[in-house]
Amino acid sequence: MCGIVGIIGKQQAELVILQGLERLEYRGYDSAGLYVANRTSSHLIKAQGRIKNLAEKVTPEVTGTIGIGHTRWATHGKPSEANAHPHTSASGRLVLVHNGVIENFDELHQTYLADHQFKGQTDTEIVVHLIEELMNQEDLTTEAAFQKVLGMIQGSYAFALVDQQNPDVLYVAKNKSPLLIGLGDGFNVVCSDAMAMIDQTHEFVEIADGEMVIVTPDKITIYDRQGTPVFRPSYEAQLDLTDIEKGTYPYYMLKEVDEQPAVMRRLVQEYRNEDGSIAIEASLLKQIANSDRIYIVACGTSNNAGWAAKKLFESLTQLPVEIHLSSEFGYNMPLLSEKPFFIYLSQSGETADSRQVLVKTNEMGYPALTITNVAGSTLSREADHTLLLYAGPEIAVASTKAYTAQIGVMAILATALGRQKGISAASDFDVFYELGLVATGMESLISEKERFSELTAEYLTTTRNAFYIGRGNDYYVSMEAALKLKEISYIQAEGFAAGELKHGTIALIEEGTPVIGIITEEVMGSHTRGNLKEVESRGAHTLVMVSENLAKVGDQILLPHVHPFLTSLIAVLPTQLLAYFATLQRGYDVDKPRNLAKSVTVE
Ligand code: M6R
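All of these numbers come straight from a predicted model, not from anything done at the bench.

A. Region of the structure containing unusual backbone geometry. With omega at 0°, the peptide bond leading from His85 into Pro86 counts as cis. Structurally, the position occupied by Pro86 is in the loop between strand 4 (66-72) and strand 5 (87-88). The phi dihedral of Lys176 falls on the positive side, at around 70°, and the residue is not glycine. Structurally, Lys176 can be placed in the loop between strand 8 (170-175) and strand 9 (180-183). The backbone of Tyr490 sits at a positive phi, close to 65°, despite the residue not being glycine. Summarising the element assignment, Tyr490 is placed in the loop between helix 18 (473-489) and strand 22 (492-497).

Here it is in structure tokens:
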């Protein structure tokens, strides 16, 4: 979703801004813009569509020592140049970029700015007009007016503001939307994500909600809501350029699919103590053991990972597990058990829908764990505990390695908890050894890429719709398989409980409709085979993905045999590759599907 970059104190700020915006492309956007200035000139440029459209407009005279840039994912007002950021105040003196949603923008407009003309329809433009209005009406400095407006706003924001009359200062603030300060030698930067500025610095400072920061080339000063200066130490971002570059891969998604065996092995390395025991803090295990029910709250692929981990978690811990969609749970909370424990699954750790639930469960006093790929992310900071995915940056919008890493971490956590509770299933389960076998199985599937490309051409390239079906865990993998296929190839895909088809959805089966059956469990699998026959006799073009020990002659995809708790980790991989090849063969951009954002920071 929207991304912000800014820099102060460096020649050719425009180049840093453009590169930073490119590094934020993965978040999803539909327009972009930048502002650069020095003591003698300033330039404001916007473009609809991709960053390259913006870059084409950046001619040699567009240069400066201070700059801010923005990628916009439309919420208020359609994607257009007028609505793209940066936005300017009425006189043009102030220039602002914003990520988030100003909920009371209409009210602020009516109360303070009724006579103002706006260039676009965004909520952001009102903010920059209001800052200038207060400067004029109340004779406030830029800093004081900015601080005052922050107190009037309801909603989420990350702001970077420049006053053209003082190009030696960058004004920055955040509330609920991500923003970091990066420290350089004689310059400083701001960014939504450390990845955007990792070429400039590895030293970053977090900003807490409600804080405002005055950034100059040599100094940053953080103020809390009351205007009191706050000291916060910097930290070193553990990011390597090779982690965030495609290398020889045509798309990030393919690179990230291929990285999954290494991610499984990294989990083993990170979570195994030298004596073979599990490296998870005792206080976390104790808190979960004291609960009577686990609530997993997550969105999209992370929610699907929750489903895929449910059965193994219950089997290894004997604790009941419920899975909920964040966007539903916060506003439609079910009756909770007496001692709930919350697990937030989130690759980015920034998803606004999940965060709003965490804020509520924190207020209710319930303990929470965030399982995330991003150390220091909002969900990580605000939960009592964090377990990391160690998957490395996931840049393709379609989540792949984060899904498998989430299931891997849930398996490790459940094993540690089950062992502590004395549950024999957990003591008998050698999770690290089994994850090693999963890594090997994944490698063997990855080595057959060409085969998946051929199957895609046969089944998916030209179809309008498709179904994945399965039972139990295979049903949960089907949900993720369908999400992957539809979000990037735009094939209308459904993941369905195999036995449920005949209760209505089978009406959609036509001559040639692809139906892919996932089978990793013997008894349920034989029923799924029956359901595949039912759709076949109505014209469906069926494909069977089956654990090799259950395969029959004619089955098209054989899945390496792994422990029954971990079959989702193997079964999902061919579905990721089918989605990848379907998208390539249909001629779409694999990494940047339309309408989608990687990090969904608005509710
Ligand atoms: O960062 P999160 O895991 O919280 O993101 C949740 C969803 O937005 C995300 O999983 C989304 O569904 C994926 N991009 C789908 O591939």
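B. Expanded view of the site of the ligand. The environment of the ligand is formed by 14 residues, the closest being Ser302, Ser346, Ser348, Thr351 and Glu487. Thr301 is positioned with one of its backbone polar atoms (N or O) 3.1 Å from an oxygen atom of the ligand. The separation between an oxygen atom of the ligand and a polar main-chain atom of Ser399 is 2.8 Å. When the ligand is considered free in solution it has 410 Å² of accessible area, and contact with the protein chains removes 91% of it. Judged by the fraction of its atoms near the pocket grid, the ligand is located in the second largest pocket. Put simply, the parts of the chain that give the shell around the ligand at least two residues each are helix 10 (300-317) and helix 18.

C. Region of the structure containing the sheet that holds strand 6 (residues 94-99). A sheet is described by the order of its strands in space; here seven strands give the open sequence 5-6-7-8-12-13-14, paired in antiparallel fashion. The sheet terminates laterally at strand 5 and strand 14 (229-230), the two strands that pair on one side only. The pairing of strand 12 (residues 211-215) with strand 13 (residues 220-223) spans four bridges and is classified as antiparallel. Bridging across to strand 13, Ile214 finds its partner in Thr221.

D. Layout of the layout of surface pockets. The space that makes up the largest pocket amounts to roughly 1,000 Å³. Along its surface, the largest pocket is lined by 42 residues, and Gln238, Leu239, Asn373, Val374 and Ala375 are the ones closest to its centre. Elements supplying a minimum of two residues to the lining of the largest pocket: strand 15 (235-236), helix 8 (260-271) and helix 13 (378-382). Among the residues making up the lining of the largest pocket, the classes are represented as 17 nonpolar, 10 polar and 15 charged. There are two domains that each give the lining of the largest pocket at least three residues, and those are domain 1 (3-242) and domain 2 (246-445). Counted as a void, the second largest pocket has a volume near 560 Å³. Lining the second largest pocket we find 27 residues, and of these Gly300, Thr301, Ala597, Lys598 and Val600 sit closest to its centre. Elements that contribute at least two residues to the lining of the second largest pocket include exactly helix 10, strand 18 (340-346), helix 14 (401-420) and helix 18. A per-class count over the lining of the second largest pocket returns 12 nonpolar, 11 polar and four charged. If you count residues domain by domain, the lining of the second largest pocket takes at least three from each of domain 2 (246-445) and domain 3 (448-588).

E. Broad picture of the nonpolar core. Ile280, Ile343, Leu413 and Leu566 are the most contacted members of the largest nonpolar core, which has 125 residues in total. With 12 residues, helix 14 is the single largest residue contributor to this core. Residues within four places of Ile343 in sequence aside, it is in contact with Ile294, Tyr295, Ile296, Val297, Phe313, Leu369, Ile371, Met410 and Leu413.

F. Quick look at empty space enclosed by the protein. This model, assessed by the stated rule, comprises one cavity of 30 Å³ or more. Looking at the largest cavity, its volume works out to about 80 Å³. Together, 13 residues line the largest cavity, and Cys2, Arg72, Thr75, His85 and Asp123 are the ones closest to its centre. Here the residues of the lining of the largest cavity are counted per class, giving three nonpolar, eight polar and two charged.

The rules behind these values
- Residues numbered from 1 in each chain as written.
- Predicted model: local features only at pLDDT ≥ 70, side-chain atom pairs only at ≥ 80, totals over all residues.
- Heavy atoms only, no water.
- Helix = DSSP H or I, 4+ residues; strand = E, 2+ residues; numbered from the N terminus.
- Near = heavy atom within 4 Å.
- Polar contact = N/O pair within 3.5 Å; in protein donor to acceptor, adjacent residues only side chain to side chain.
- Areas by Shrake-Rupley, 256 points an atom, 1.4 Å probe, with all protein chains shown as cover.
- 1 Å grid on protein atoms, 1.4 Å probe; cavity = no way out; pocket = protein on both sides within 12 Å on 5 of 7 lines; lining within 4 Å.
- Sits in = over half its atoms within 2 Å of the grid points.
- Pairing = 2+ DSSP bridges.
- Points joined across faces, edges and corners; volume = space filled by probe spheres on them.
- Nonpolar A, V, L, I, M, F, W, Y, C, P; charged D, E, K, R; others polar.
- Domains from an automatic or database assignment.
- Core = buried A, V, L, I, M, F, W, Y, C linked by side-chain atoms within 4.5 Å.
- Buried < 20%, exposed > 50% of the residue type's maximum accessible area, 1.4 Å probe, protein only.
- Contact = heavy atoms within 4.5 Å.

Any link to function would need more than the numbers given here.
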